[in-house]
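The primary structure of each chain is shown beneath.
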Amino acid sequence: MLDNTTTSPILLYGTSDCHLCEEAMDILKENHIPYEFIDIAHDNNLVEQLGWFIPVIKLQEEMIKSPIDWASVLPKIKATLDI
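Reading guide: rules and limits
Residues numbered from 1 in each chain as written. Predicted model: local features only at pLDDT ≥ 70, side-chain atom pairs only at ≥ 80, totals over all residues. Heavy atoms only, no water. Axes fitted to C-alpha atoms, helices over the stretch in contact; angles between N-to-C directions. Helix = DSSP H or I, 4+ residues; strand = E, 2+ residues; numbered from the N terminus. Parallel < 35°, antiparallel > 145°, perpendicular 65-115°, else oblique. Left-handed = near helix turned anticlockwise from the far one by under 90°. Contact = heavy atoms within 4.5 Å. Nonpolar A, V, L, I, M, F, W, Y, C, P; charged D, E, K, R; others polar. Expected span 1.5 Å × (residues − 1). Buried < 20%, exposed > 50% of the residue type's maximum accessible area, 1.4 Å probe, protein only. Arc of directions from axis to C-beta.

Re the packing of helix α1 (residues 19–30) against helix α3 (residues 70–81)
And step 1. α3 packs onto α1 with a crossing angle of 45 degrees between their chain directions and a minimal axis gap of 12 Å. Regarding the angle of α1 to α3, the classification is oblique. For α1 against α3, the interelement crossing comes out right-handed. Counting all contacts with α1, which are made through Glu23, Ala24, Ile27 and Leu28, the residues of α3 involved are Trp70, Leu74 and Ile77.
And step 2. Its residues placed into classes, the contact of α1 with α3 shows 6 nonpolar, no polar and 1 charged.

If you want it as structure tokens, here you go:
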């Protein structure tokens, strides 16, 4: 299990050279959803756990792995954050 040592309710795991990760950041920003980006490239353990599944969104204790169905994920995030 990945530890959440931040106070951000949404963690977005990915890499800086990932177009799907950039798309995920854009979607979250467009929907005014606060998040913290975790670049897995600097952590071999995260690369091993998530490498083929990025981007990955951690929402509370749920890990939402790529491919992300934004039509179902966005309402779930908004309901969780009450926005």
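So much for the structure itself; the text now carries on.
Focus on α3
Side chains of residues three or four places apart in an α-helix project in the same direction, reflecting 3.6 residues per turn.
And step 1. With 12 residues, α3 should cover 16 Å at 1.5 Å per step; its first-to-last C-alpha distance of 16 Å lies within 8% of that length.
And step 2. Within α3, the full set of buried residues consists of Trp70, Val73, Leu74 and Ile77. Considered in projection along α3, the buried side chains sweep an arc of 100 degrees and stay on one side of the axis. Residues of α3 that are exposed and point over 90 degrees away from its buried face: Ala71 and Ala79.
And step 3. Structurally, α3 contributes buried residues whose contacts are with β1 (10–14), α1, β3 (56–59) and β4 (62–65).
And step 4. One or two positions beyond α3, positive phi appears at Asp82, with a value near 60 degrees.

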